[in-house]
Amino acid sequence: MAAQAIGTPAEAAPRNDRTGAQPAHWGGVFAMTLCVFALIASEFMPVSLLTPLASDLGVTEGMAGQGIAISGVFAVLTSLSISAVARRVDRKRMLLSLTATMCLSGIVVALAPNYPTYMAGRALIGIVVGGFWSMSAATAMQLVPPSQVPRALAIFNGGNALATVVAAPLGSYVASFVGWRGAFFCLVPVAAVAWAWQWYSLPTLRAQPRAAGSGNALTLFRRRRVVLGMLAVGVFFMGQFALFTYLRPFLETVTRVDVSTLSLMLLTLGVCGFVGTLVIGRFLRAGFYRTLAAIPALMAAIAVALTAVGTHSAATTVLLGAWGLVATAAPVGWWLWIARTLPEDAEAGGGLMVAVVQLSIALGSTAGGLLFDSGGYRSTFVFSAVLLLAGAFLVYLTARADRTHST
């Protein structure tokens with residue numbers, strides 16, 4: 001999902017600080033951060049392994065890419081339904097169950113004898129993605145005092161950023177030695193360590209009472225600017241993952257790079273993405289909606305440029321670095337939009353965004369795979385560019401609706 005940095009923004013933290021009344025469980029925060037790293041790496045590992053995975057399972061690369069789509073579908077279903085369970089169950093127990101499910105997913109995928117079993121394992125990771133991110137903000141608020149919640153969430157996102165940087169290139173590199181199954185299986189011990197650390201360091205996290213009618217994310221669709229904003233988010237992620245999911249087969253068949261060069265190119269994309277998350281703030285302060293609209297417009301231009309110079313490895317590396325720089329930073333802006341637009345409903349808005357993003361990833365990777373199999377990479381990349389331009393236009397409409405609401 002980023003994927004993708006998914007978590008409630010700092011502005012959504014409670015405003016009334018109860019200094020000294022609540023202990024800080026930083027060990028639990030860091031344990032969950034390790035879990036975030038393993039989760040994001042597991043979710044997007046197929047991106048760097050599509051070619052050998054598809055070959056071994058006897059399916060097309062487009063079908064193999066549906067492993068990301070199905071995880072997105074199950075993440076949506078989980079994020080929209082888990083709150084009913086979370087109201088009755090200790091969150092520590094739920095987090096441990098989800099982490100154990102992540103271990104199981106890695107084992108199922110690594111040992112999958114056929115395509116349906118592989119997809120079942122990917123469905124399991126989707127359940128973990130939807131459940132974990134839906135509870136992450138509420139859990140942070142129970143682990144540390146209110147004034148420390150922004151710091152705790154920043155640490156969570158540090159695990160996300162690290163996984164974004166290293167998961168794809170490391171997966172590709174490890175697979176060159178132990179195969180794609182070994183690359184998936186390498187994440188199982190990491191998830192197991194995260195489970196043990198959470199079991200040791202997390203306190204009892206009893207469900208907190210809620211006001212009547214709170215947390216109903218779907219009621220936010222009554223507001224026009226929320227509808228437009230969520231459409232902009234959804235179309236953006238569809239366009240991004242229609243292309244991003246199929247980078248490896250593009251680089252192998254069009255750019256014709258070897259595994260070492262492929263890993264280096266993916267690392268370049270990840271490092272530039274990490275840099276983008278560090279510098280995006282100053283651009284958002286200078287022009288909030290202008291930046292949100294410029295990002296998909298630039299990505300659309302990159303997608304088209306890749307169809308023209310994709311056979312040249314140096315130019316392709318530069319373009320992928322530019323893609324990572326803006327694409328990875330985009331969610332930072334959209335979480336700030338949630339805080340600005342829904343200051344009193346940030347948690348509900350965040351939950352809604354989780355569902356929208358995951359559904360969009362599923363739709364984008366599915367459509368991109370169908371086009372990749374039937375029309376080749378050019379049709380997939382042009383489709384991505386069209387969606388991204390539509391996303392930029394929807395940002396413009398969102399900005400107009402926001403100005404109208406303010407006046």
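Since we're looking at a predicted model, the values are computed, not measured.

A. Quick look at the pattern of salt bridges. Summed over all chains, the structure comprises three salt bridges. The closest approach of N and O atoms between Asp56 and Arg181, which form a salt bridge, is 3.0 Å. Residue Asp56 is found in helix 2 (residues 50–57), and its partner Arg181 is found in helix 6 (residues 149–185); the two are separated by 125 residues along the sequence. Using a relative accessible area of 25% as the deciding quantity, one classes Arg181 as partly exposed. Note that Arg248 and Glu252 form a salt bridge whose closest N and O atoms lie 2.9 Å from each other. Pair noted here: Arg248 and Glu252 are both in helix 9 (residues 247–255), with a separation of four residues, about one helical turn. When its relative accessible area of 7% is taken as the criterion, Arg248 is described as buried.

B. Highlighting the nonpolar core. Trp323 and Met353 are the most contacted members of the largest nonpolar core, which has 118 residues in total. Leave out the neighbours within four places in its chain, and Trp323 touches Gln240, Leu243, Phe244, Leu269, Met299, Ile302, Ala303, Thr328, Ser384 and Leu388.

C. A look at the environment of Val332. Position of Val332 relative to the elements: it lies in helix 13 (residues 330–341). The exposure class assigned to Val332 is partly exposed, which follows from its relative accessible area of 32%.

D. View of helix 1 (residues 26–44). Given a rise of 1.5 Å per residue, 19 residues ought to cover 27 Å, and the 27 Å separating the end C-alpha atoms of helix 1 matches this to within 8%. Along helix 1, 15 of the 19 residues are buried, which leaves the element largely enclosed by surrounding structure.

E. Summary view of the side chain of Thr380. Looking at where Thr380 falls in the secondary structure, it is placed in helix 15 (residues 377–406). By relative accessible area, which is 0% here, Thr380 ends up buried. Reaching out from Thr380, the side chain makes a polar contact with the backbone oxygen of Gly368 at a distance of 3.1 Å. Setting aside anything within four residues of it in sequence, one finds Thr380 in contact with Ala242, Leu243, Gly368, Leu371 and Phe372.

F. Quick look at the packing of aromatic side chains. Considering all chains together, one arrives at 13 aromatic pairs under this definition. Ring centres 5.2 Å apart and planes at 50 degrees place the aromatic pair Phe250 and Tyr377 in the tilted group. Here the residue Phe250 occupies a position in helix 9, and Tyr377 occupies one in helix 15, the gap between them amounting to 127 residues. Judged by relative accessible area, which is 0%, Phe250 ranks as buried. Relative to Phe381, the ring of Phe250 has its centre 4.8 Å away and its plane inclined at 50 degrees; by these criteria the two rings are tilted. Remark: Phe381 occurs in helix 15 and Phe250 occurs in helix 9; sequence separation between them is 131 residues. Given a relative accessible area of 0%, Phe381 falls into the buried group. Among the aromatic residues, those joined into a cluster by ring pairs are Phe236, Phe237, Phe241 and Phe244.

Cut-offs and rules
- Residues numbered from 1 in each chain as written.
- Predicted model: local features only at pLDDT ≥ 70, side-chain atom pairs only at ≥ 80, totals over all residues.
- Heavy atoms only, no water.
- Salt bridge = Lys/Arg side-chain N within 4 Å of Asp/Glu carboxyl O.
- Helix = DSSP H or I, 4+ residues; strand = E, 2+ residues; numbered from the N terminus.
- Buried < 20%, exposed > 50% of the residue type's maximum accessible area, 1.4 Å probe, protein only.
- Core = buried A, V, L, I, M, F, W, Y, C linked by side-chain atoms within 4.5 Å.
- Contact = heavy atoms within 4.5 Å.
- Expected span 1.5 Å × (residues − 1).
- Polar contact = N/O pair within 3.5 Å; in protein donor to acceptor, adjacent residues only side chain to side chain.
- Phe/Tyr/Trp six-rings, centres within 6.5 Å; stacked < 30°, edge-to-face > 60°.

Function cannot be inferred from these measures alone, as they are strictly geometric.
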